[in-house]
Amino acid sequence: MGSLNNAAAGKKFARRNERLKASTDISISGALDIIRSNLNVKDERPTIPLGHGDPSPFACFRTTHVADDALNNAVISAKFNSYAPVGGILPARRSVAEYLSRDLPYTLSAEDVFLTSGCRQAIEVIISVLSYPGANILIPKPGYPHYDACASAKNIEIRHFDLLPDKGWEIDFEAVEALSDENTVAIVVINPGNPCGNVYTYEQLKKVAETAKRLGIPVIADEVYGHLTFGGNPFVPMGVFGSIVPVFTLGSISKRWLVPGWRLGWLVMTDPKGFLKEAEIPSSIKQFLNMSNNPASIIQAAVPHILENTKEDFFENTISLLRQALDICAEEIKEIACITLLYKPQGSMFVMVKLNTLLLDDITDDLDFCIKLAKEESVIILPGIVLGLKNWLRITFSIDLPSLEDALGRIKSFCNRHAEPQNLKLDKRRTNEGYLPGINLQSLELHEAIEFE
Ligand SMILES: Cc1ncc(COP(=O)(O)O)c(C=O)c1O
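Fair warning: this is a prediction, and the values are worked out from it, not measured in the lab.

S.K.: Sorry if this is basic, but what is going on with the UniProt feature "modified residue: N6-(pyridoxal phosphate)lysine" (unreviewed entry) in the protein here?
M.R.: The sites that carry the UniProt feature "modified residue: N6-(pyridoxal phosphate)lysine" (unreviewed entry) are, in the present numbering, Lys255. Mapped onto the elements, Lys255 comes out in the loop between strand 8 (247-252) and strand 9 (265-270). Residues contacting Lys255, with those up to four places away along its chain left out, are Gly53, Val224, Tyr225 and Leu228.

S.K.: Help me understand the packing of helix 4 (residues 65-77) against helix 12 (residues 297-309), please; the structure alone is not making it clear to me.
M.R.: The geometry of a pair of packed helices is captured by two quantities: the angle between their axes and the separation between those axes. Where helix 4 contacts helix 12, the axes come no closer than 8 Å and their chain directions differ by 145°. As for how helix 4 packs across helix 12, the hand of that crossing is right-handed. Of the residues in helix 12, those in contact with Val66, Ala67, Ala70, Leu71, Ala74 and Val75 of helix 4 are Ile298, Ala301, Ala302, His305, Ile306 and Asn309. Of the residues belonging to the contact of helix 4 with helix 12, the class tally is 10 nonpolar, two polar and no charged.

S.K.: Even after reading the chapter, I still don't get the site of the ligand, so can you show me in this structure?
M.R.: Of all residues adjacent to the ligand, which total 13 residues, the nearest are Gly118, Cys119, Arg120, Ser252 and Ser254. The class makeup of the residues in the shell around the ligand is five nonpolar, six polar and two charged.

S.K.: Looking at this structure, how should I read unusual backbone geometry?
M.R.: Note on backbone geometry: most residues besides glycine have negative phi, and most peptide bonds are trans. Residues Lys141 and Pro142 are joined by a peptide bond in cis, for which omega reads 0°. Residue placement: Pro142 occurs in the loop between strand 3 (136-141) and helix 7 (145-153). Pro195 follows Asn194 through a cis peptide bond whose omega is 15°. As for its placement among the helices and strands, Pro195 is situated in the loop between strand 6 (184-190) and helix 9 (202-215).

S.K.: Explain the sheet that holds strand 11 (residues 350-355) here, please?
M.R.: With mixed pairing, five strands are arranged side by side in an open sheet as 1-12-13-11-10. Looking at which strands have only one partner, the edges of the open sheet turn out to be strand 1 (48-50) and strand 10 (339-340). When strand 10 meets strand 11, the two strands line up antiparallel, connected through two bridges. Note on strand 11: the bridge partner recorded for Ile339 is Leu355.

S.K.: Even after reading the chapter, I still don't get the nonpolar core, so can you show me in this structure?
M.R.: One finds Ile126, Val188, Val219, Leu250, Leu267 and Val353 to be the most contacted residues of the largest nonpolar core, which totals 131 residues. Take this core: its biggest share by element is eight residues, from helix 6 (residues 118-130). With sequence-adjacent residues up to four places away left out, Val353 is seen in contact with Ile333, Ile339, Thr340, Leu341, Trp392, Leu393 and Ile395.

Here is what the cut-offs are and how they apply
Residues numbered from 1 in each chain as written. Predicted model: local features only at pLDDT ≥ 70, side-chain atom pairs only at ≥ 80, totals over all residues. UniProt positions renumbered as here; feature names shortened; annotations may be inferred. Helix = DSSP H or I, 4+ residues; strand = E, 2+ residues; numbered from the N terminus. Contact = placed C-beta atoms within 7 Å. Axes fitted to C-alpha atoms, helices over the stretch in contact; angles between N-to-C directions. Left-handed = near helix turned anticlockwise from the far one by under 90°. Nonpolar A, V, L, I, M, F, W, Y, C, P; charged D, E, K, R; others polar. Near = placed C-beta within 6 Å. Pairing = 2+ DSSP bridges. Core = buried A, V, L, I, M, F, W, Y, C linked by C-beta atoms within 7 Å. Buried ≥ 20, exposed ≤ 12 C-beta atoms within 10 Å, placed from the backbone.

This is the structure in structure tokens:
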């Protein structure tokens, strides 16, 4: 009776959650869907996916047989067909604790580890656990939009601090200090970086820890690309600074083991001084996970074998492939006048390049570039706007080398075809310069604006 009365009163039975719409508007997959919908079905060439970080479809990026065997054995044993306890089965939690402790000055225990469905769920969990009405969170720009999506869905205010392109994507520490207040709940640091491929030094991470300590906030250290480094800076886990400031370390087997579809991640408290325990954060994480989902029990069962027995040569092979792919990318980009690589990545799977639309005839911005590129060349790349930087592009280089070369060749012909004729002279000069470490972006833009007046 009640519902009939309501309907009669003009109530519409259902109303969408507008927050969810705002969240998907800023997702990588949402943007890629739009770009893919512009592909030309008549193009017989293969579509080359440089838009997201999933190398697993390419034979050269096949996971190790150690992982395959571990999973097969877990299935065949028939011991892992039941529900797993909240937070994960003990041997898997213990093995993640041991795996991460190898690089830390202290030892983590199984109680510090919560298994999640990929690193994405770890992000959702920690943001939910830290949220309260009026809270805000410090998130890097450019960054990984899932943080923004989760914060927005939880009604946490997002405060972006810049990563500085002319300083190797270093954190703008002044902005961090200025943005923070008594309702700031955490600072997010992604290292190795997505989308910029930067790898922070020990000193830079120590500065993060000291800044966070001064502000009285924990660090959320997204280390999903942990150990995927191929430049001068080695990977240093943020947990090393756990005695300065409590750290939530987020990770997964998705990237290092090249199995993002297996959906096994972790949320780990690196907090030797026990601040998080004192604040009852572990029970809060459990409470959230009680309402949520576990990674599949058979994957959890495979984890100890995977983490303990994967051979160094598997990791070295991945690093060597990524390094070769990056070198190809950097060389080819030098030949493309309208995009500039300001910083050669040292880790992860992506390069961020600056797009100069002034050198193009009929391309209005990065999104327009990506849509037309998909339509004309069947190559998918991600517009920087999705990551917080308009007129930048994120190119994934973790694909097989012939496809990468093919894709970069197609991008080059696309850019040549759309080149603004009057700017060809500048084209050439930029081509010769290649990527320009340490260049000041603002002066580059100013310089170009003057050239065209
Ligand atoms: C920075 C960052 N964090 C988290 C994730 C999600 O990782 P997972 O696939 O393990 O959920 C990704 C995926 O691309 C990422 O780039």
